[in-house]
Each structure stands twice: as structure tokens, then as C-alpha cells.
Amino acid sequence: MTMEIMVGSLEETNQLALKLANLLEAQDTITLEGDLGAGKTTFTQGLAKGLGITRTVNSPTFTILKQYEGRLPFNHLDVYRLADSDEDLGWDEIFYGDAISVVEWAHLIEQDLPAARLAIEIQRVDENTRRFLLKPIGQRYERLCEELMK
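Since we're looking at a predicted model, the values are computed, not measured.

## Quick word on the confidence of the model for the protein chain
Close inspection of predicted coordinates is inappropriate in any region flagged by low pLDDT.
Thinking step 1. Counting all residues, the mean pLDDT for the protein chain is 91, and 94% of those residues have values of 70 or more.
Thinking step 2. Per-element averaging of pLDDT across the protein chain places helix H3 (residues 91–95) at the bottom with 87 and strand S7 (residues 130–137) at the top with 98.

Below you can see the structure in the form of C-alpha cells.
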């Protein structure tokens with residue numbers, strides 16, 4: 001099952017992210033795919049805000065992982081630089097601890113991801129419009145998407 005949500009502005013992207021943040025629980029994993037400039041980091045910033053994180057959230061492109069404290073701990077990963085690497089960053093601690101994890105460019109570590117997760121693809125339609133394709137993998141994420149669509 002894939003769900004589609006269209007947003008027409010940064011504000012609508014933030015509203016979607018805030019709504020999702022309110023539904024997240026410890027150990028939830030969200031994967032983000034999309035071209036450069038599609039809005040992955042903007043969406044992640046909205047999630048962080050919804051989790052009560054007040055620090056500036058930006059893409060961890062060179063550090064791979066940034067961790068934040070909010071309502072729940074929050075892991076933000078950008079694994080683009082791991083494209084041809086077999087590096088294990090301690091995936092079990094990252095994905096199965098008490099944090100929520102968001103992974104940009106997740107297809108590059110597909111084999112290390114939790115089996116159950118919410119996969120989101122962000123497509124740039126035009127300057128302001130984005131198409132969010134949500135693919136829940138597992139019953140927890142199917143229920144989460146049903147709540148999100150209400």
C-alpha cells in the first residue's frame with residue numbers, strides 16, 4: 001500500500017511533518033528518498049520541531065549521524081557518503097534503542113534497516129509543490145499512516 005500526499009508550500013510540508021511527529025514512538029524508523037532539493041531535510045526539521053527539539057537541525061552529510069534530545073531522542077542520518085562502504089555504525093543501537101530515526105538516502109543501507117519502517121519518497125513537482133509517497137512496511141506503520149491520513 002502506498003499513500004500519496006501533495007503539499008503546495010513549505011508551511012504545508014511542516015504541517016505534515018508536525019502531524020507525523022505527534023504519532024511517532026521510540027524505535028520508529030522513517031526512511032527518506034528524493035532528489036537533491038526535494039525537501040528531505042526540510043521535512044526532517046519539521047519532525048524535529050514536532051518532537052520538541054529546539055536546536056537547529058541540518059543535514060548530517062559529513063558526519064553521517066546527528067542526535068538530538070526532545071520528547072524522545074532523535075537520530076538524523078544522512079548515509080549518502082556510505083554508498084560504497086561496509087561500515088557498521090552500530091545499527092542495532094541506532095535503530096533499536098529508545099530513539100526515533102530518520103534516514104536520508106536509506107536505499108544505500110537497505111540491508112541494515114529495520115524490517116518494519118515508514119518509507120517516504122519526496123518528489124519535487126515544481127518550485128513549491130511536493131508529492132509525498134508513503135509506503136508503510138509493517139502493521140505499526142500501516143496504522144500510523146491511517147492516523148496520519150485522518
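There is more to say after this.
## Some details on unusual backbone geometry
Thinking step 1. Although it is not a glycine, Gln27 sits at a positive phi angle of roughly 75 degrees.
Thinking step 2. Following the sequence through the fold, Gln27 ends up in the loop between helix H1 (10–21) and strand S2 (29–33).
Thinking step 3. Notably, Trp105 is not glycine yet its phi reads approximately 65 degrees, a positive angle.
Thinking step 4. Residue placement: Trp105 occurs in the loop between strand S5 (100–104) and strand S6 (117–124).
Thinking step 5. Given the relative accessible area of 13%, Trp105 is considered buried.

Thresholds, definitions, all that
- Residues numbered from 1 in each chain as written.
- Predicted model: local features only at pLDDT ≥ 70, side-chain atom pairs only at ≥ 80, totals over all residues.
- Heavy atoms only, no water.
- pLDDT = per-residue confidence, 0-100.
- Helix = DSSP H or I, 4+ residues; strand = E, 2+ residues; numbered from the N terminus.
- Buried < 20%, exposed > 50% of the residue type's maximum accessible area, 1.4 Å probe, protein only.

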